[in-house]
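This is what each chain is made of:
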Amino acid sequence: MVKLSYIHSKDSAYNIERSLSLIKTEVTKSIKNKSRVVVMVDIPRPSSKQVIEASVLEALLNFLTPHVKGQITVTGQAEKGKTLDIFKDLGYLKFQDQYDFAASDLNEEEQVLIKAGENELSVPKILHESDFIVLLATPKITDGKFAGALANLIPAESSHAPSFLERIFGAKEHNSNLSSPELIVETFKQYKVSLSVIDGHRTVVSSSGNEDILPTNFAISSINTVEADVLTAMCLGIQPEDVDYLSLFDPDLGTVFVVGDDWNKYSLSQQ
(Lines give C-alpha, C1' and ligand atoms only; values in the text may rest on other atoms or scores of the structure.)
Protein backbone atom coordinates (compact mmCIF):
# COMPACT_ATOMS: atom_id res chain seq x y z
CA MET A 1 0.00 0.00 0.00
CA VAL A 2 1.28 3.47 -0.95
CA LYS A 3 0.79 6.15 1.71
CA LEU A 4 0.78 9.85 0.92
CA SER A 5 0.09 12.76 3.25
CA TYR A 6 -1.66 15.95 2.15
CA ILE A 7 -2.14 19.07 4.28
CA HIS A 8 -3.86 22.28 3.24
CA SER A 9 -3.46 25.60 5.06
CA LYS A 10 -2.05 29.08 4.48
CA ASP A 11 0.93 28.35 6.77
CA SER A 12 3.63 26.77 4.60
CA ALA A 13 5.88 25.64 7.48
CA TYR A 14 2.93 24.08 9.31
CA ASN A 15 1.96 22.22 6.14
CA ILE A 16 5.43 20.67 5.94
CA GLU A 17 5.55 19.82 9.65
CA ARG A 18 2.12 18.22 9.67
CA SER A 19 2.51 16.32 6.41
CA LEU A 20 5.75 14.79 7.68
CA SER A 21 4.33 13.95 11.10
CA LEU A 22 1.60 11.89 9.43
CA ILE A 23 4.20 9.60 7.84
CA LYS A 24 6.74 9.70 10.68
CA THR A 25 6.73 5.93 11.18
CA GLU A 26 7.42 5.27 7.52
CA VAL A 27 10.19 7.87 7.29
CA THR A 28 11.99 6.91 10.49
CA LYS A 29 11.92 3.24 9.52
CA SER A 30 13.28 4.07 6.06
CA ILE A 31 16.02 6.43 7.26
CA LYS A 32 17.25 4.22 10.10
CA ASN A 33 21.01 3.59 9.92
CA LYS A 34 21.42 5.84 6.87
CA SER A 35 24.60 7.93 7.08
CA ARG A 36 24.77 9.78 3.74
CA VAL A 37 21.55 11.78 3.72
CA VAL A 38 21.22 14.50 1.09
CA VAL A 39 18.43 17.08 0.91
CA MET A 40 18.14 18.33 -2.66
CA VAL A 41 16.45 21.73 -2.65
CA ASP A 42 14.62 23.07 -5.67
CA ILE A 43 16.42 26.30 -6.63
CA PRO A 44 14.29 28.89 -8.43
CA ARG A 45 15.25 30.31 -11.80
CA PRO A 46 16.64 33.84 -11.50
CA SER A 47 13.45 35.29 -12.98
CA SER A 48 11.05 33.20 -10.89
CA LYS A 49 9.09 34.46 -7.90
CA GLN A 50 8.53 30.93 -6.61
CA VAL A 51 10.93 30.04 -3.79
CA ILE A 52 11.08 27.59 -0.92
CA GLU A 53 11.10 29.76 2.17
CA ALA A 54 13.69 29.23 4.88
CA SER A 55 11.01 28.20 7.39
CA VAL A 56 10.04 25.30 5.12
CA LEU A 57 13.60 23.96 4.92
CA GLU A 58 13.99 24.43 8.66
CA ALA A 59 10.79 22.44 9.32
CA LEU A 60 12.18 19.59 7.23
CA LEU A 61 15.58 19.62 8.96
CA ASN A 62 13.92 19.79 12.37
CA PHE A 63 12.03 16.62 11.48
CA LEU A 64 14.96 14.72 9.95
CA THR A 65 17.91 15.59 12.18
CA PRO A 66 17.02 13.47 15.25
CA HIS A 67 16.77 10.37 13.06
CA VAL A 68 19.99 10.70 11.02
CA LYS A 69 23.27 9.13 12.12
CA GLY A 70 25.63 11.40 10.20
CA GLN A 71 25.64 14.95 8.92
CA ILE A 72 22.92 15.95 6.47
CA THR A 73 24.01 17.68 3.27
CA VAL A 74 21.74 20.34 1.79
CA THR A 75 22.43 20.80 -1.90
CA GLY A 76 20.98 22.41 -4.98
CA GLN A 77 21.84 23.58 -8.46
CA ALA A 78 21.45 27.15 -9.61
CA GLU A 79 21.06 27.91 -13.30
CA LYS A 80 23.02 31.14 -12.87
CA GLY A 81 25.32 32.28 -10.08
CA LYS A 82 26.51 30.37 -7.06
CA THR A 83 24.06 28.05 -5.29
CA LEU A 84 25.52 28.86 -1.88
CA ASP A 85 24.99 32.58 -2.49
CA ILE A 86 21.33 31.81 -3.20
CA PHE A 87 21.14 29.70 -0.04
CA LYS A 88 22.48 32.68 1.92
CA ASP A 89 20.09 35.14 0.28
CA LEU A 90 17.12 32.87 1.05
CA GLY A 91 18.17 32.59 4.71
CA TYR A 92 19.00 28.88 4.60
CA LEU A 93 22.40 29.29 6.24
CA LYS A 94 21.12 31.15 9.30
CA PHE A 95 20.29 27.87 11.06
CA GLN A 96 23.24 25.87 9.71
CA ASP A 97 24.93 25.65 13.10
CA GLN A 98 21.70 24.68 14.84
CA TYR A 99 21.16 21.64 12.61
CA ASP A 100 24.82 21.04 11.74
CA PHE A 101 24.23 20.48 8.06
CA ALA A 102 26.73 20.77 5.23
CA ALA A 103 25.86 23.02 2.28
CA SER A 104 26.83 21.99 -1.24
CA ASP A 105 26.62 23.35 -4.78
CA LEU A 106 25.87 20.61 -7.33
CA ASN A 107 27.48 22.74 -10.03
CA GLU A 108 30.81 22.33 -8.27
CA GLU A 109 30.49 18.69 -7.22
CA GLU A 110 32.59 15.97 -8.80
CA GLN A 111 30.82 14.13 -11.62
CA VAL A 112 30.95 10.37 -12.16
CA LEU A 113 29.97 8.31 -15.19
CA ILE A 114 27.53 5.48 -14.63
CA LYS A 115 25.90 2.92 -16.87
CA ALA A 116 22.13 2.95 -17.20
CA GLY A 117 21.21 0.22 -19.64
CA GLU A 118 22.74 1.20 -22.96
CA ASN A 119 23.25 4.78 -21.81
CA GLU A 120 26.14 6.47 -20.06
CA LEU A 121 25.06 9.11 -17.57
CA SER A 122 27.14 11.85 -15.97
CA VAL A 123 25.84 12.44 -12.45
CA PRO A 124 27.02 14.24 -9.29
CA LYS A 125 29.03 11.86 -7.12
CA ILE A 126 27.38 13.17 -3.96
CA LEU A 127 23.95 12.06 -5.20
CA HIS A 128 25.20 8.79 -6.65
CA GLU A 129 26.81 7.80 -3.33
CA SER A 130 23.97 8.99 -1.09
CA ASP A 131 21.94 6.32 0.69
CA PHE A 132 18.92 8.57 1.33
CA ILE A 133 17.91 11.45 -0.92
CA VAL A 134 15.20 13.88 0.08
CA LEU A 135 13.62 16.01 -2.65
CA LEU A 136 12.30 19.34 -1.37
CA ALA A 137 10.54 20.92 -4.31
CA THR A 138 7.81 23.20 -5.55
CA PRO A 139 5.37 22.24 -8.32
CA LYS A 140 5.48 24.09 -11.63
CA ILE A 141 3.40 24.34 -14.76
CA THR A 142 5.37 25.77 -17.68
CA ASP A 143 3.63 26.23 -21.02
CA GLY A 144 1.11 23.59 -19.98
CA LYS A 145 3.74 21.07 -18.82
CA PHE A 146 3.75 19.92 -15.18
CA ALA A 147 6.97 19.36 -13.25
CA GLY A 148 7.07 17.89 -9.76
CA ALA A 149 9.89 16.91 -7.44
CA LEU A 150 11.33 14.19 -9.68
CA ALA A 151 11.94 16.69 -12.48
CA ASN A 152 14.70 18.20 -10.33
CA LEU A 153 16.80 15.05 -10.70
CA ILE A 154 18.09 16.19 -14.07
CA PRO A 155 20.49 19.14 -14.18
CA ALA A 156 19.47 22.60 -15.22
CA GLU A 157 20.58 23.47 -18.73
CA SER A 158 23.97 25.15 -19.00
CA SER A 159 24.53 24.86 -15.26
CA HIS A 160 27.48 22.45 -15.31
CA ALA A 161 30.78 24.19 -15.85
CA PRO A 162 33.28 22.01 -17.75
CA SER A 163 36.09 20.55 -15.69
CA PHE A 164 39.77 21.37 -16.27
CA LEU A 165 40.28 18.20 -18.33
CA GLU A 166 37.11 18.81 -20.32
CA ARG A 167 38.29 22.30 -21.22
CA ILE A 168 41.59 20.91 -22.52
CA PHE A 169 40.42 17.77 -24.31
CA GLY A 170 36.90 18.83 -25.19
CA ALA A 171 33.73 18.20 -23.19
CA LYS A 172 32.03 14.90 -23.87
CA GLU A 173 28.30 15.05 -24.25
CA HIS A 174 26.59 12.43 -22.13
CA ASN A 175 22.84 11.85 -21.72
CA SER A 176 22.26 13.61 -25.08
CA ASN A 177 20.57 10.58 -26.63
CA LEU A 178 17.83 10.60 -23.98
CA SER A 179 14.77 12.81 -23.88
CA SER A 180 14.13 14.72 -20.64
CA PRO A 181 11.35 12.32 -19.51
CA GLU A 182 13.57 9.30 -20.19
CA LEU A 183 16.47 10.95 -18.38
CA ILE A 184 14.30 11.54 -15.30
CA VAL A 185 13.34 7.86 -15.23
CA GLU A 186 16.88 6.59 -15.81
CA THR A 187 18.36 8.92 -13.19
CA PHE A 188 15.67 7.93 -10.69
CA LYS A 189 16.72 4.30 -11.08
CA GLN A 190 20.30 5.19 -10.14
CA TYR A 191 19.61 7.23 -7.00
CA LYS A 192 18.29 6.31 -3.56
CA VAL A 193 15.41 8.77 -3.78
CA SER A 194 13.72 8.03 -0.48
CA LEU A 195 11.45 10.96 0.45
CA SER A 196 9.57 13.67 -1.42
CA VAL A 197 8.45 16.82 0.35
CA ILE A 198 6.48 19.04 -1.99
CA ASP A 199 5.88 22.63 -0.94
CA GLY A 200 2.76 23.61 -2.83
CA HIS A 201 2.16 26.77 -0.84
CA ARG A 202 2.34 28.61 -4.15
CA THR A 203 2.35 27.26 -7.67
CA VAL A 204 3.73 29.30 -10.51
CA VAL A 205 2.08 28.88 -13.89
CA SER A 206 4.34 30.18 -16.66
CA SER A 207 3.35 30.84 -20.24
CA SER A 208 5.71 32.31 -22.81
CA GLY A 209 7.93 33.57 -19.99
CA ASN A 210 5.12 35.28 -18.05
CA GLU A 211 4.36 34.03 -14.54
CA ASP A 212 1.12 33.86 -12.58
CA ILE A 213 1.26 32.83 -8.94
CA LEU A 214 -1.52 30.59 -7.63
CA PRO A 215 -1.98 30.38 -3.82
CA THR A 216 -2.45 26.60 -3.78
CA ASN A 217 -1.60 26.30 -0.04
CA PHE A 218 -0.74 22.61 0.29
CA ALA A 219 2.09 20.23 1.09
CA ILE A 220 2.54 16.59 0.14
CA SER A 221 5.03 14.20 1.73
CA SER A 222 5.73 10.54 1.05
CA ILE A 223 8.47 7.94 0.86
CA ASN A 224 6.69 6.88 -2.34
CA THR A 225 8.21 9.57 -4.51
CA VAL A 226 6.62 8.79 -7.88
CA GLU A 227 3.14 8.75 -6.39
CA ALA A 228 3.87 12.05 -4.58
CA ASP A 229 4.35 13.70 -7.98
CA VAL A 230 1.20 11.98 -9.24
CA LEU A 231 -0.90 13.40 -6.41
CA THR A 232 0.66 16.84 -6.87
CA ALA A 233 -0.30 16.84 -10.54
CA MET A 234 -3.85 15.79 -9.68
CA CYS A 235 -4.12 18.53 -7.06
CA LEU A 236 -3.33 20.99 -9.84
CA GLY A 237 -6.01 19.52 -12.09
CA ILE A 238 -3.60 17.58 -14.30
CA GLN A 239 -4.01 13.88 -15.02
CA PRO A 240 -0.75 11.93 -14.46
CA GLU A 241 -1.06 10.12 -17.80
CA ASP A 242 -0.77 13.54 -19.45
CA VAL A 243 2.60 14.21 -17.77
CA ASP A 244 5.39 12.90 -19.99
CA TYR A 245 7.72 11.49 -17.34
CA LEU A 246 4.97 10.21 -15.02
CA SER A 247 3.39 8.24 -17.84
CA LEU A 248 6.71 6.38 -18.24
CA PHE A 249 6.56 5.23 -14.60
CA ASP A 250 3.02 3.86 -15.13
CA PRO A 251 2.11 4.12 -11.41
CA ASP A 252 -0.60 1.86 -9.97
CA LEU A 253 -3.02 4.31 -8.34
CA GLY A 254 -5.17 1.48 -7.02
CA THR A 255 -2.73 0.99 -4.14
CA VAL A 256 -2.63 4.65 -3.02
CA PHE A 257 -4.29 6.13 0.05
CA VAL A 258 -3.97 9.70 1.27
CA VAL A 259 -3.95 10.77 4.93
CA GLY A 260 -4.52 14.28 6.26
CA ASP A 261 -6.87 16.71 4.58
CA ASP A 262 -9.22 15.98 1.70
CA TRP A 263 -7.16 16.84 -1.37
CA ASN A 264 -10.19 16.50 -3.63
CA LYS A 265 -11.83 19.39 -1.83
CA TYR A 266 -9.03 21.77 -2.83
CA SER A 267 -8.02 20.31 -6.20
CA LEU A 268 -7.96 22.87 -8.98
CA SER A 269 -10.06 20.45 -11.03
CA GLN A 270 -12.88 21.05 -8.55
CA GLN A 271 -12.74 24.82 -8.89
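Residues numbered from 1 in each chain as written. Predicted model: local features only at pLDDT ≥ 70, side-chain atom pairs only at ≥ 80, totals over all residues. Heavy atoms only, no water.

Section: empty space enclosed by the protein
For clarity, the threshold we go by: Within this scheme a cavity is a closed region of a 1 Å grid, computed over the protein atoms alone, that accommodates a 1.4 Å probe without allowing it to escape, whereas a pocket is open but has protein on both sides within 12 Å along at least five of seven lines; lining residues each have an atom within 4 Å of a point. Grid points are joined across faces, edges and corners, and a volume is the space filled by probe spheres set on the points. Each residue gets one of three labels, nonpolar for Ala, Val, Leu, Ile, Met, Phe, Trp, Tyr, Cys and Pro, charged for Asp, Glu, Lys and Arg, and polar for the others, Gly among them.
Counted under the stated rule, the structure contains two cavities of 30 Å³ or more. For the largest cavity, the calculated volume is near 50 Å³. The wall of the largest cavity is formed by S12, Q50, V51, E53, T138, D199, H201 and R202. In terms of residue class, the lining of the largest cavity is made up of one nonpolar, four polar and three charged. Of the pockets and cavities examined, the second largest cavity occupies roughly 30 Å³. Lining the second largest cavity are K3, I23, E26, S222, I223 and N224. A per-class count over the lining of the second largest cavity returns two nonpolar, two polar and two charged.

Side note on the nonpolar core
We apply this condition: Nonpolar cores are built from buried Ala, Val, Leu, Ile, Met, Phe, Trp, Tyr and Cys residues. Side-chain atoms within 4.5 Å join them into one set. Note on classification: 1.4 Å probe, protein chains only; a residue is buried when its accessible area is under 20% of the maximum for its type, exposed when over 50%, partly exposed between these limits. Helix numbers and strand numbers start at the N terminus; a helix is a DSSP run of H or I with at least 4 residues, a strand a run of E with at least 2. Any two residues whose heavy atoms approach within 4.5 Å are treated as being in contact.
Judged by nonpolar contacts, the single largest core of 46 residues is most densely connected at L127, L135, F146, L150, I220, Y245 and L246. Ranked by residues supplied to this core, first place goes to helix 9 (residues 225-235) with seven residues. What F146 contacts, discounting residues up to four positions off in sequence, is P139, K140, I141, D229, T232, A233, L236, I238, V243, Y245 and L246. By size, the runner-up hydrophobic cluster in this structure holds 34 residues, among which are I16, V56, L60 and V134.

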